[in-house]
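Secondary and tertiary structure notes
If you want the building blocks of each chain, they are given just below.
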Amino acid sequence: MNSFSKKISRLALSLFFGSLFSVPSSRALDNGLALTPPMGWNSWNRFGCNVTEDLVKSAADALVSSGMKDAGYEYIVIDDCWQVSRDAAGNIVADATTFPSGIKALADYVHSKGLKFGIYSDAGTMTCAKRPGSRGHEYKDALQYAAWGVDYLKYDWCNTGTENAQAAYSTMRDALKSAGRPIVFSLCEWGSNKPWLWATDVGNLWRTTGDISDCWDCKKGHLSFVQIADLQVGLETYAGPGHWNDPDMLEVGNGGMTTTEYRSHFSLWCILAAPLMAGNDLKNMSPEIKEILTNKEVIAIDQDPLGMQGRRVRKNGDSEVWAKQLKDGGRAVVLFNRGAFEADISVSWEDLGYPGHLSAAVRDLWAKKDLGKSAGTFAAKVPSHAVLMLRVTP
Ligand code: GLA
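As the structure is a computational prediction, the values presented were derived from the model and not from experiment. Each chain has its residues counted from 1, following the order in which its sequence is written. Selection of residues for local features in this predicted model requires a pLDDT of at least 70, selection of side-chain atom pairs for listing and counting requires 80 or more, and totals for whole chains, interfaces and linings are taken over all residues. Note: side-chain values were computed over all heavy atoms of the structure, leaving out hydrogens and water.

**A word on the pairing of strand β1 (residues 39-42)**
Test applied: Only protein chains enter the area calculation, which uses a 1.4 Å probe; residues under 20% of their type maximum are buried, those over 50% are exposed, and those in between are partly exposed. In this description a helix means any DSSP run of H or I spanning at least four residues, a strand means any run of E spanning at least two, and both kinds are numbered starting from the N terminus. Strand pairing is assigned whenever DSSP detects at least two bridges linking the two strands.
On β1, burial covers both faces: Met 39 and Trp 41 on one face and Gly 40 and Asn 42 on the other are all buried. Across 3 bridges, the pairing between β1 and strand β10 (residues 276-278) is parallel. Bridge assignment links Gly 40 to a residue of β10, and that residue is Met 277. When β1 meets strand β2 (residues 75-77), the two strands line up parallel, connected through 3 bridges. Its bridge partner lying in β2, Trp 41 is registered against Ile 76.

**Topic: the site of the ligand**
Formally: Residues are classed as near a molecule or strand on a simple rule: at least one heavy atom within 4 Å of it. Two N or O atoms form a polar contact when they lie within 3.5 Å of each other; inside protein one atom must be a possible hydrogen donor and the other a possible acceptor, and for residues adjacent in sequence the pair counts only when both atoms belong to side chains. All accessibility values rest on the Shrake-Rupley procedure with a 1.4 Å probe; residue burial counts only the protein chains present in the view. Gly is put with the polar residues, along with every residue not named as nonpolar or charged; the nonpolar set is Ala, Val, Leu, Ile, Met, Phe, Trp, Tyr, Cys and Pro, and the charged set is Asp, Glu, Lys and Arg.
Taken together, 13 residues are adjacent to the ligand, and Asp 79, Asp 80, Lys 154, Asp 156 and Asp 211 come closest. One nitrogen or oxygen atom from the side chain of Arg 207 is found 3.2 Å from an oxygen atom belonging to the ligand. Burial of the ligand by the surrounding chains reaches 93%, relative to a free accessible area of 310 Å². Here the shell around the ligand is built from residues that sort into 7 nonpolar, no polar and 6 charged.

**Quick notes on the state of the cysteines**
Note the cut-off: Pairs of cysteine sulfur atoms within 2.5 Å are identified as disulfides in what follows.
What the rule picks out here adds up to 3 disulfides. Look at the protein and number its bonded cysteines as they come in the sequence; the links are 1-2, 3-4, 5-6. In this structure Cys 188 is a free cysteine whose sulfur lies 6.8 Å from that of Cys 128, the closest cysteine sulfur available. Among the residues examined, Cys 188 registers a relative accessible area of 2% and is labelled buried. Cys 218 supplies the cysteine sulfur nearest to Cys 270, a cysteine that is in no disulfide, at a spacing of 20 Å.

**Observations concerning the packing of aromatic side chains**
Put simply, the rule is: Between rings of Phe, Tyr and Trp, where Trp is taken as its six-membered ring, a pair exists when centres lie within 6.5 Å; planes separated by under 30 degrees are stacked, by over 60 edge-to-face, and by other angles tilted. Charge-over-ring contacts are defined here by two conditions on Lys NZ or Arg CZ: a distance within 6 Å of the ring centre and an angle within 35 degrees of the ring normal.
Within this structure, the stated rule accounts for 15 aromatic pairs. Centre to centre, the rings of Trp 216 and Phe 336 are 6.3 Å apart; their planes meet at 75°, and the pair counts as edge-to-face. Taken together, the residues Trp 216 in the loop between β8 (205-207) and α8 (225-230) and Phe 336 in strand β13 (residues 331-337) connect sequence positions 120 residues apart. By relative accessible area, Trp 216 is classed as buried at 15%. Classification of Phe 336 by relative accessible area gives buried; the value is 1%. Through a chain of ring-to-ring contacts, the aromatic side chains of Tyr 155, Trp 157, Tyr 169, Phe 185 and Trp 198 assemble into a single cluster. Above the plane of the ring of Trp 366 lies Arg 263, whose end atom (NZ or CZ) is 5.9 Å from the centre.

**Here's the deal with helix α6 (residues 138-148)**
Just so we agree on the cut-off: In this context, the arc is that of the directions from the helix axis out to the C-beta atoms. Whether two residues touch is decided by their heavy atoms; if any such pair falls within 4.5 Å, the residues are in contact.
Glu 138, Asp 141, Ala 142, Tyr 145, Ala 146 and Trp 148 are the residues of α6 that are buried. Seen from one end, α6 has its buried residues packed into an arc of 165°, which puts them on one side. Summarising the geometry of α6, the exposed residues directed more than 90 degrees from the buried face are Leu 143 and Ala 147. As for α6, its buried residues are in contact with β3 (83-86), β4 (92-94), α5 (103-112), β5 (116-122), β6 (152-156) and α7 (165-179). With its phi angle positive at about 90°, Gly 149 sits one or two positions after the end of α6.

**Structural notes on the side chain of Asp 141**
Mapped onto the fold, Asp 141 is located in helix α6. The class of Asp 141 is buried, set by a relative accessible area of 1%. Excluding anything up to four places from it in sequence, Asp 141 contacts Arg 86, Ile 92, Ser 134 and Met 172.

**With respect to the sheet that holds strand β11 (residues 311-316)**
The line we're drawing: Note on method: axes are straight lines fitted to C-alpha atoms, helices fitted across the in-contact stretch only, with angles between N-to-C directions ranging 0 to 180 degrees.
Reading across the sheet, the 6 strands line up as β11-β12-β13-β18-β15-β16 and stay open at both edges, with antiparallel pairing between neighbours. The open sheet has two edge strands with one neighbour each: β11 and β16 (369-374). Taken pair by pair, the neighbouring strands of this sheet meet at an average axis angle of 20°, ignoring direction.

**Some details on empty space enclosed by the protein**
The test is simple: The distinction between a cavity and a pocket rests on a 1 Å grid over the protein atoms alone: a 1.4 Å probe fits inside a cavity but cannot get out, while a pocket stays open yet meets protein on both sides within 12 Å along at least five of seven lines, and a residue with an atom within 4 Å of a point counts as lining. Grid points are joined across faces, edges and corners, and a volume is the space filled by probe spheres set on the points.
Inspection of the entire model under this criterion finds 1 cavity of 30 Å³ or more. Counted as a void, the largest cavity has a volume near 70 Å³. Every residue along the wall of the largest cavity is listed here: Asn 42, Tyr 152, Lys 154, Ser 186, Leu 205, Arg 207, Asp 246, Asp 248, Met 249, Pro 275 and Met 277. Of all the elements in the fold, those that place two or more residues in the lining of the largest cavity are β6 and β8. Classifying every residue of the lining of the largest cavity gives 5 nonpolar, 2 polar and 4 charged.

**Describing the pattern of salt bridges**
The criterion, for reference: Salt bridges are identified by distance alone: a Lys or Arg side-chain nitrogen within 4 Å of an Asp or Glu carboxyl oxygen.
Across all of its chains, the model carries 22 salt bridges by this definition. Linking Asp 61 and Lys 113 is a salt bridge whose minimum nitrogen-to-oxygen distance equals 3.1 Å. In this pair, Asp 61 is assigned in helix α3 (residues 53-65) and Lys 113 in the loop between α5 and β5, connecting sequence segments 52 residues apart. Classification of Lys 113 as partly exposed rests on a relative accessible area of 29%. Between Arg 181 and Asp 151 there is a salt bridge, and its shortest N-O distance comes to 2.6 Å. Here Arg 181 is found in the loop between α7 and β7 (184-188), whereas its partner Asp 151 is found in the loop between α6 and β6, with 30 residues between them in sequence. What emerges from the salt-bridge pattern is a single network uniting Asp 230, Arg 312, Lys 315, Glu 320 and Arg 338.

**A word on the packing of α3 against α5**
Note the cut-off: In what follows, roughly perpendicular refers to angles from 65 to 115 degrees, roughly parallel to angles under 35, roughly antiparallel to angles over 145, and oblique to any angle outside these ranges.
The contact between α3 and α5 brings their axes to 9 Å, and the two run at 10°. If you check the angle between α3 and α5, you find them roughly parallel. Seen from α3, the contacting residues are Glu 53, Val 56, Lys 57, Ala 60 and Asp 61; seen from α5, they are Leu 106, Tyr 109 and Val 110.

Structure follows, in structure tokens:
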């Protein structure tokens, strides 16, 4: 073969293999949404299957009146149990007793408050609560959601039998795309098929674990926020603008833990750049819970535009240090005491990726207090189950 025909055959080979192995751009998610972790409210953690249009409307009202909307919460999401059947044409039908005005009217109401509206379905034949799933109806459902004005879809993984997760979620991604409305796509397959390895082009966020529970010492088989935080270690590099690891919705304010524990839960979720979906009864929330959920300096850590997920940089028994790089070159730091007694916890500049001599301003984000300048290390006493959350700025 002369050198010209060699070149031609190399080109032909690379075109052939290129088309085999590259992902055509039309298959990418590229919906331009969730450039910072989505924030909002979801009905499931507090209300389970007891969802009604009045409940959803009052959650939207409370999101505004509580100051949560001003703090950045945007999506009002109805989880499982809004749907009852399919009509003869295969259209999904909302429960007419609990949602008498219909889903379109509810979406309009949520939009009239300056908020966005989300809904839930499942990649299988039935949802986890045995309502109709979207299997085989993906394109019809996506069109229906777009017509209703849906802005966010949480898509579950119950009753999926032998379905392939990547294929099933990609089908719904393509259906949403062809429906033409920008819809945040939230994958909820509990980390079963390691979605962080394949879902960057499929969804805007993906659950990494089973369901969260509202307990510090949970019964066997129930995951506390602390156990879920452990399961995020190693997943940091997969998160970024438009595609986030989702350690599940917040339990803050649901009554099973102390205010201190809820503050720790919220702090860890923010350092993890987790989606912040409140899961409590917004209408009846105590001032302490509201203060946790609306702390703007803590939320700014979650929403930092660099979009880096924080990581655990040190663990000595029950004393942990978590850190997150911020766009301005600063670091958010959480000193977390999982133990039953007060502990001295320190963070070294080395753990933060800083030279030891660097002088940096340290601010306590819960006390909203500047703690002066430090270099080399910062140490503090941290009460049992509590955090000290800092912003360190060189
Ligand atoms: C699964 C999900 C939960 C919730 C329920 C609804 O368990 O992981 O977040 O959506 O289904 O049935």
